[in-house]
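Observations on the three-dimensional arrangement
Each chain, letter by letter, is given below.
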Amino acid sequence: MPDDPVSVADDGPVRTLRLNRPQALNSFTVKMHGALRAALEAAGRAAGVRCIVITGAGRAFCAGQDLSDPAIAPDLAPGATPKDIGRLLDDHYIPLAKQLRSMPVPVIAAVNGVAAGAGANFALNCDIVIAARTASFVQAFSRIGLIPDCGGTWLLPRLVGRARAIALSMTGDKLSAEDAARVGLIWQCVDDTAFADTVRTLAQRLAAMPTKALAETRRAIDGAIELDFAAALANESRVQRELGRGHDYLEGAAAFLQKRAPVFSDR
Ligand code: T3D
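Residues numbered from 1 in each chain as written. Predicted model: local features only at pLDDT ≥ 70, side-chain atom pairs only at ≥ 80, totals over all residues. Heavy atoms only, no water.

The next subject is the pattern of salt bridges. Taken as a whole and judged by the stated rule, the model has 13 salt bridges. Close ionic contact of glutamate 216 with arginine 219 constitutes a salt bridge, the shortest N to O distance being 3.1 Å. Of the two residues, glutamate 216 and arginine 219 are both situated in helix H8 (residues 211-224); the distance of three residues between them amounts to about one turn of the helix. Note on glutamate 216: relative accessible area 10%, which makes it buried. Residues participating in the shared-partner salt-bridge network are Arg133, Glu178 and Asp191. (Salt bridge = Lys/Arg side-chain N within 4 Å of Asp/Glu carboxyl O. Helix = DSSP H or I, 4+ residues; strand = E, 2+ residues; numbered from the N terminus. Buried < 20%, exposed > 50% of the residue type's maximum accessible area, 1.4 Å probe, protein only.)

Structural data, given as structure tokens:
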């Protein structure tokens with residue numbers, strides 16, 4: 001559908017979800033939220049999908065909330081009742097952030113252009129963030145009197161430390177993709193000319209890996225942030241025991257010993 005806010009394309013085991021509102025820099029409307037969450041749900045259920053790439057159409061990745069969406073746009077009339085922004089977060093951004101961090105397959109954010117506000121933090125919730133060199137990250141919230149959301153207050157200090165988290169969030173300054181990679185906000189910054197190929201190669205590579213172990217890796221690392229050292233060690237043992245009973249471990253070890261390529265299938 002040409003006016004579909006999220007387009008879906010498969011390349012073998014890799015499913016690409018493209019935010020498709022380029023005229024508004026792929027900012028989130030309630031409709032796009034619904035389409036994205038449904039597409040993620042469908043991708044998670046599809047046995048043949050082993051890696052998801054999320055990217056944007058046109059020159060932007062995502063400009064965060066569409067500030068003109070009637071569902072949330074402030075009524076500027078004097079005395080008008082303020083819209084309930086907390087409800088918008090409860091209904092859309094929180095479920096999206098949680099969904100991304102519990103997907104059964106790895107999720108790559110391929111940040112093709114500017115990622116602002118919740119659009120930036122939405123990307124940071126993905127497993128691996130690759131950005132084109134001309135892309136940028138903007139904690140735009142302070143410019144409109146808000147705080148970082150979609151997990152930003154939790155993610156930013158953990159990714160880049162308190163000093164950078166606070167300065168980026170208070171100033172709302174644009175951070176180049178190159179600087180984002182340098183300070184550890186994202187995984188990689190790639191020249192625009194190499195961007196599509198780099199994303200495709202990584203996605204296909206992840207898709208050929210043991211999917212269940214990758215999803216459990218994310219879960220264990222995210223969970224360990226909340227644990228003390230002993231509890232993290234115990235959790236590693238519990239998850240490793242479970243994975244050790246799976247097909248992918250037997251296959252991976254056998255393939256190594258037999259000097260052949262493994263074929264993974266666990267989900
Ligand atoms: O309701 C709530 O606010 C609660 C939700 C919170 C979650 C959030 O995400 S809050 C943060 C919302 N996002 C922003 O504040 C970002 C606003 N956009 C910008 O700061 C800039 O557009 C960018 C830094 C992203 C890009 O700048 P630039 O110069 O490359 O592009 P531009 O000229 O500003 O924008 C191009 C068009 O996209 C323009 O429309 P026009 O004039 O061509 O018809 C602009 O209005 C539109 N656009 C950009 N961002 C948004 C948007 N339209 C609606 N909502 C947007 N967020």
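From this point, the discussion proceeds with the structure in view.
Here we take up the nonpolar core. Among the nonpolar cores identified, the biggest contains 50 residues, and Ile52, Val111, Phe122, Phe137 and Leu185 are the most heavily contacted of them. For phenylalanine 137, the residues in contact, after removing those within four places along its chain, are Val111, Ala115, Ala120, Val129, Ala131, Asp173, Lys174, Leu175, Ala177, Ala180, Leu185 and Ile186. Among the nonpolar cores identified, the runner-up in size contains 14 residues, and Val14, Ile130, Leu202 and Ala207 belong to it. (Core = buried A, V, L, I, M, F, W, Y, C linked by side-chain atoms within 4.5 Å. Contact = heavy atoms within 4.5 Å.)

With that settled, the discussion passes to the domain arrangement of the chain. Considered domain by domain, the chain is made up of domain 1 (6-207) and domain 2 (211-258). Taken over C-alpha atoms, the centre of domain 1 sits 27 Å from the centre of domain 2. Residue-level contacts link 12 residues of domain 1 with seven residues of domain 2. Taken together, the connections running from domain 1 to domain 2 amount to two salt bridges. Counting across the domain 1 and domain 2 interface gives five residue pairs in polar contact (both at pLDDT 80 or more). Tallied by class, residues from the side of domain 1 that touches domain 2 come to seven nonpolar, one polar and four charged. (Domains from an automatic or database assignment. Polar contact = N/O pair within 3.5 Å; in protein donor to acceptor, adjacent residues only side chain to side chain. Nonpolar A, V, L, I, M, F, W, Y, C, P; charged D, E, K, R; others polar.)

Within the span of helix H10 (residues 247-257), buried status applies to Asp248, Glu251 and Ala255. For H10, the arc enclosing every buried residue in end-on projection is 65 degrees, short of the 170-degree limit, so these residues lie on one face. For H10, exposure combined with an orientation more than 90 degrees from the buried face picks out Tyr249, Leu250, Phe256 and Leu257. Where H10 terminates, the next one or two residues include lysine 259, which has phi positive at roughly 55 degrees. (Arc of directions from axis to C-beta.)

Time to look at the site of the ligand. The ligand sits among 21 residues. The nearest are Arg59, Ala63, Gln65, Leu67 and Ala118. Contact between the ligand and alanine 63: a nitrogen atom at 3.0 Å from a main-chain N or O atom of the residue. Taking alanine 118, its main chain carries an N or O atom lying 2.9 Å from an oxygen atom of the ligand. The fraction of the free accessible surface of the ligand (1,000 Å²) that becomes covered by protein chains is 66%. Split into classes, the residues belonging to the shell around the ligand amount to 12 nonpolar, five polar and four charged. (Near = heavy atom within 4 Å. Areas by Shrake-Rupley, 256 points an atom, 1.4 Å probe, with all protein chains shown as cover.)

What follows covers the layout of surface pockets. As a volume, the largest pocket reaches approximately 610 Å³. The wall of the largest pocket is formed by 25 residues, among which Cys126, Asp127, Ile128, Arg218 and Asp222 lie closest to the centre. Elements supplying a minimum of two residues to the lining of the largest pocket: strand E5 (107-111), strand E7 (128-132), helix H4 (152-160) and H8. Here the element with the most residues in the lining of the largest pocket is H8; it accounts for five residues. Here the lining of the largest pocket is composed, by residue class, of 17 nonpolar, three polar and five charged. Of the domains in this structure, domain 1 (6-207) and domain 2 (211-258) are the two that each give at least three residues to the lining of the largest pocket. (1 Å grid on protein atoms, 1.4 Å probe; cavity = no way out; pocket = protein on both sides within 12 Å on 5 of 7 lines; lining within 4 Å. Points joined across faces, edges and corners; volume = space filled by probe spheres on them.)

Before going further, it helps to spend a moment on the sheet that holds strand E3 (residues 51-56). Within the open sheet, the six strands sit side by side as E1-E2-E3-E5-E7-E10. Their pairing is mixed. Single-partner strands in this sheet number two, and they are strand E1 (6-11) and strand E10 (188-190). Each strand of the sheet is rotated relative to its neighbour by a mean of 20 degrees, with strand direction disregarded. Here four bridges tie E5 to E7, and the two strands are oriented parallel to one another. Within E7, the position partnered with valine 111 by the bridge is alanine 131. Its contacts with the sheet put helix H7 (residues 192-207) on E1, strand E2 (14-19), E3, E5, E7 and E10, and the angle it makes with E7 is roughly 160 degrees. (Pairing = 2+ DSSP bridges. Axes fitted to C-alpha atoms, helices over the stretch in contact; angles between N-to-C directions.)

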